[in-house]
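Coordinates in review
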Amino acid sequence: MVILTLSQDMTYRIEIAPSARREIEAFVKHLRGFDTAIAEEQLARLSFEIGTYILATPRLWNYFFISGAPYHGYLFRFGQKQHYWIVYFINEDTDTVNILRFWNTNKNPDTFGL
């Protein structure tokens, strides 16, 4: 189970798609190979960046380069060589940010799909 602690005073609600949930859980499993302090720090960073950078200002980030509009992308960096794209869609009717993917950039771009 993935637990992300987000601020309660966000403008947008968050929904995480099953594919993104699986990818976040894989990231958490990957973190188990690191020192506990590093793993906790990275999960805290992920929660902070989703809450601060995506939920508070979702339109600030460009459209995702692989899919284009209406999908936005935010690059979460873990170390120097591992990065993850947080790909999301903004539903203005429900004031919801739908996180669709937490995609490891080390994967082949041809395997990306929404």
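What you are looking at is a predicted structure, and each value in this text was computed from that prediction instead of being measured.

1. Re helix H1 (residues 18-31)
Counted at 1.5 Å a residue, the expected span for H1 with its 14 residues is 20 Å, and the 20 Å between its end C-alpha atoms agrees. Those residues of H1 that fall on the buried side of the exposure criterion are Ala20, Glu23, Ile24, Phe27, Val28 and Leu31. End-on, the buried residues of H1 take up no more than an arc of 145°, which puts them together on one face. Pointing more than 90 degrees away from the buried face of H1 are the exposed residues Pro18, Arg22 and Lys29. The elements touched by buried residues of H1 are strand E1 (13-16), helix H2 (36-55), strand E2 (71-78), strand E3 (82-91) and strand E4 (96-104).

2. Let's talk about the pairing of E4
Counting buried residues in E4 gives 8 out of 9 residues, a clear majority hidden from the surface. As judged from the 4 bridges shared by E1 and E4, these two strands associate in the parallel manner. What sits directly across from Arg13, in E4, is Thr96. Note: E3 against E4, 8 bridges, orientation antiparallel. Bridge assignment links Val87 to a residue of E4, and that residue is Arg101. Count of turn residues in the E3/E4 antiparallel hairpin: 4 residues, of which Asp95 carries a positive phi of about 50°.

3. Regarding the pattern of salt bridges
Pairing between side chains becomes possible if they bear opposite charge and their charged atoms approach one another. Within this structure, the stated rule accounts for 4 salt bridges. Of the charged contacts in the structure, one is a salt bridge between Glu23 and Arg101, with a shortest N-O distance of 2.5 Å. Taken as a pair, Glu23 in helix H1 and Arg101 in strand E4 lie far apart in primary sequence, 78 residues in all. Like Arg101, Glu23 is buried.

Parameters at a glance
- Residues numbered from 1 in each chain as written.
- Predicted model: local features only at pLDDT ≥ 70, side-chain atom pairs only at ≥ 80, totals over all residues.
- Heavy atoms only, no water.
- Helix = DSSP H or I, 4+ residues; strand = E, 2+ residues; numbered from the N terminus.
- Expected span 1.5 Å × (residues − 1).
- Buried < 20%, exposed > 50% of the residue type's maximum accessible area, 1.4 Å probe, protein only.
- Arc of directions from axis to C-beta.
- Contact = heavy atoms within 4.5 Å.
- Pairing = 2+ DSSP bridges.
- Salt bridge = Lys/Arg side-chain N within 4 Å of Asp/Glu carboxyl O.

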